[in-house]
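Tertiary structure, described
The primary structure of each chain is shown beneath.
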Amino acid sequence: MKLSWLEISDRIKFELKQREEEGSDVHSLLNEWKQIKASGLSEVDFEIQSNLFYRKISKTPYHTKNEIEEPVLWDDIVDKCKIESDNIPSFSSKFIEDRILGGWMGRSAGCLLGKPVEKTSRSGIKELLSSNNTWPIKDYITEIGIPNSLLEKYPWNRHSGEESLKENIKCMPEDDDMNYSMVNLTVYERYGREFTTENILQVWMELIPILSTFTAERVAYVNALNGLLPPETALVRNPYREWIGAQIRADLWGWISPAQPSRAARFAWRDARLTHTRNGMYGEIFFAAVIALCFKYNDIINIINEALSFVPPESRFAEAIRFVLSIPVQKQPWEDTVDLLYKQFGSYYWVHTINNAALVTAALLSSNGDYGKGICNVVMGGWDTDSNGATVGSILGTMLGVEKLPSKWISPLNDKIRSSLKGFDNYRLSDLSKRTLKIANFKNKK
């Protein structure tokens with residue numbers, strides 16, 4: 001039986017690319033790997049040689065051009081970023097409730113918009129939707145009017161893609177981009193503010209079927225089943241350690257830390273270290289801080305700039321966000337912005353943290369606070385469409401509040417979400433919001 005993301009040959013391929021991105025010279029290792037693949041070994045012998053080769057990679061001195069500038073320990077990140085503790089703010093419960101529900105609804109709708117075309121290239125999305133005159137995107141995706149030849153060329157995402165088409169929507173279908181917010185809700189309800197990474201792992205084991213995880217999460221899960229504990233779960237044979245998996249888990253930490261970005265970032269770090277390192281961590285830290293700051297500001301630029309102060313300033317992640325901030329996003333056509341991002345970050349895999357974080361940031365800036373424009377732009381940008389739609393939707397939904405979200409995006413959800421998590425299937429989004437409100441940290445201003 002072969003399982004995606006766990007095959008030794010896949011892991012070696014992505015490990016070599018990851019090492020190269022981190023600054024290591026992998027030229028000789030690449031040549032050796034090519035020779036192993038071309039050697040005509042039997043399946044058993046190939047497996048043996050591949051494992052020996054992976055051990056060799058693991059023993060190769062670990063070099064990164066940002067070894068000092070990309071710390072992984074929280075205390076080192078605090079020192080590098082000069083992070084200070086937050087004060088507990090005062091808000092009315094009604095205000096926080098509106099923003100949290102806006103976050104849950106906004107995340108769901110954005111994820112739903114991008115779900116049918118996940119794994120489809122940017123050019124493929126445009127070709128598909130131009131055929132039925134729904135490009136540029138302005139509503140949920142429909143297949144009505146798309147020629148069968150294009151539907152065969154670009155099939156909908158097999159994970160509930162057809163259920164996410166406009167004509168079929170009944171609720172928010174099951175999606176890992178939504179599952180982790182529910183997992184983290186459970187973690188905090190059970191363990192409180194002193195929760196540990198090991199507590200998160202415990203909840204994973206109880207609630208998440210292993211095949212509902214992907215990339216770094218699946219590797220960490222298997223590592224845990226083999227007896228490893230964090231942070232080794234993130235480090236052993238995990239070439240996906242800087243991919244997007246942690247970034248999609250940021251939201252709950254921001255929702256329960258209104259206007260407290262330091263608190264949200266600290267919680268996000270505890271979560272991220274289960275599966276990720278360096279820039280993979282920074283994605284979750286950054287967006288947790290962003291969401292916390294959505295309770296403080298109504299201006300995306302202020303939110304992005306302050307959240308950036310929680311990321312090591314010379315890291316590759318911070319450099320990517322600063323690159324986006326240097327682009328005249330609000331003064332040029334969206335397609336021109338995306339072209340620049342693909343030129344700058346196109347070498348990264350389509351579910352890497354850095355390229356997707358850059359695209360999300362650009363879409364937020366392009367939105368000028370318009371929810372629909374934000375989620376449509378980010379999905380038209382390609383790469384990880386459902387994850388990015390979810391993140392943009394969550395941020396704008398939290399910043400605006402549910403009362404300001406357009407009905408055309410929210411009503412089709414019917415306030416219901418499906419899930420593969422134990423105890424969460426057919427749940428009401430409004431009930432998840434109420435549970436989140438109960439654990440949110442703020443002084444109630446009456």
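I will try to describe carefully the structure that is included in this document. (Residues numbered from 1 in each chain as written. Predicted model: local features only at pLDDT ≥ 70, side-chain atom pairs only at ≥ 80, totals over all residues. Heavy atoms only, no water.)

Structural notes on the state of the cysteines
Note the cut-off: Cysteine sulfur pairs qualify as disulfides if the two atoms are within 2.5 Å. Burial classes follow relative accessibility: with a 1.4 Å probe on protein chains only, a residue under 20% of its type's maximum area counts as buried, one over 50% as exposed, and anything between as partly exposed.
A complete count under the given rule lists zero disulfides for this structure. Looking at the unpaired Cys81, the closest cysteine sulfur is the one in Cys294, lying at 19 Å. Cys81 gets classed as buried once you look at its relative accessible area, which sits at 12%.

With respect to the packing of helix H8 (residues 176-191) against helix H22 (residues 429-439)
Relative placement of two packed helices is described by the angle separating their axes and the distance separating the axes. Selection criterion: Only the stretch in contact is used when fitting a helix axis, every axis being a line fitted to C-alpha atoms; angles between N-to-C directions are given from 0 to 180 degrees. Secondary structure is summarised from DSSP: a helix means a run of H or I of at least four residues, a strand means a run of E of at least two, and numbering begins at the N terminus for each. Crossing handedness is read from the near helix: turned anticlockwise from the far helix by less than a right angle, it gives a left-handed crossing, and turned clockwise, a right-handed one. Pairs of residues are marked as contacts when any of their non-hydrogen atoms sit within 4.5 Å.
Their axes nearest at 11 Å, the elements H8 and H22 cross at an angle of 40°. Judged by the twist between their axes, the crossing of H8 over H22 is left-handed. Residues Met182, Leu185, Thr186, Tyr188 and Glu189 of H8 lie in contact with H22, whose contacting residues are Leu432, Arg435, Thr436 and Ile439.

Quick notes on the pattern of salt bridges
Inclusion rule: By convention in these notes, a salt bridge is any Lys or Arg side-chain nitrogen within 4 Å of a carboxyl oxygen on Asp or Glu.
For the coordinates displayed, the defined rule picks out 23 salt bridges. Lys80 is paired through a salt bridge with Glu69; the nearest N and O atoms lie 3.3 Å apart. In this pair, Lys80 sits in helix H4 (residues 74-81) while Glu69 sits in the loop between helix H3 (43-59) and H4, placing the two residues eleven residues apart along the sequence. Its relative accessible area of 26% is what places Lys80 among the partly exposed residues.

Structural notes on the packing of aromatic side chains
The description of an aromatic ring pair rests on the distance of the ring centres and on the angle between the ring planes. We count it as follows: When two rings of Phe, Tyr or Trp (its six-membered ring) have centres within 6.5 Å they constitute a pair, described as stacked for plane angles under 30 degrees, edge-to-face for angles over 60, and tilted for the intermediate range.
Inspection of every chain in the model, using the stated rule, returns 25 aromatic pairs. On the basis of an interplanar angle of 80° and a centroid distance of 5.0 Å, the ring pair of Phe14 and Trp243 is categorised as edge-to-face. Note that Phe14 is positioned in helix H1 (residues 8-21) and Trp243 in the loop between helix H11 (232-235) and helix H12 (251-255), a separation of 229 residues in sequence. The class for Phe14 is buried, based on a relative accessible area of 8%. Relative to Trp409, the ring of Tyr140 lies with its centre 4.9 Å away and its plane at 75°, an arrangement referred to as edge-to-face. Here Trp409 lies in helix H21 (residues 407-410) and Tyr140 lies in the loop between helix H6 (122-130) and helix H7 (148-153), a separation of 269 residues in the sequence. Given a relative accessible area of 4%, Tyr140 falls into the buried group. Through a chain of ring-to-ring contacts, three or more aromatic side chains come together here, namely Trp5, Phe14, Tyr240, Trp243, Tyr349 and Trp350.

Some thoughts on the layout of surface pockets
Space left empty within the atom packing is revealed by a probe, the size of a water molecule, rolled over the atoms. Under the convention used in this document: With a 1 Å grid spanning the protein atoms alone, the term cavity applies to any set of points in which a 1.4 Å probe fits but cannot get out, the term pocket to an open set with protein on both sides within 12 Å along at least five of seven lines, and the term lining residue to any residue with an atom within 4 Å of a point. Grid points are joined across faces, edges and corners, and a volume is the space filled by probe spheres set on the points. Ten residues, namely Ala, Val, Leu, Ile, Met, Phe, Trp, Tyr, Cys and Pro, are considered nonpolar, four, namely Asp, Glu, Lys and Arg, are considered charged, and the remaining ones, Gly among them, are considered polar.
Volume-wise, the largest pocket comes out at about 510 Å³. Around the largest pocket, the lining is made up of 26 residues, and of these Trp5, Lys119, His159, Asp176 and Phe214 lie nearest the centre. If you list the elements that add at least two residues to the lining of the largest pocket, you get H8, helix H10 (215-225) and helix H20 (385-400). Class assignment for the residues of the lining of the largest pocket results in eight nonpolar, six polar and twelve charged. In this structure, the second largest pocket spans a volume of roughly 300 Å³. Lining the second largest pocket are 17 residues, with Ser85, Asp86, Ser262, Arg263 and Arg266 sitting closest to its centre. Of all the secondary structure elements, the ones that give two or more residues to the lining of the second largest pocket are H4 and helix H13 (261-272).

Things to note about the environment of Val72
Residue position: Val72 is located in the loop between H3 and H4. Classification of Val72 by relative accessible area gives partly exposed; the value is 28%. Considering only alpha carbons, one finds Val72 and Pro231, 159 residues apart in sequence, at a separation of 10.0 Å. If sequence neighbours within four positions are ignored, Val72 has contacts with Ile77, Trp269, Thr277, Arg278 and Met281.

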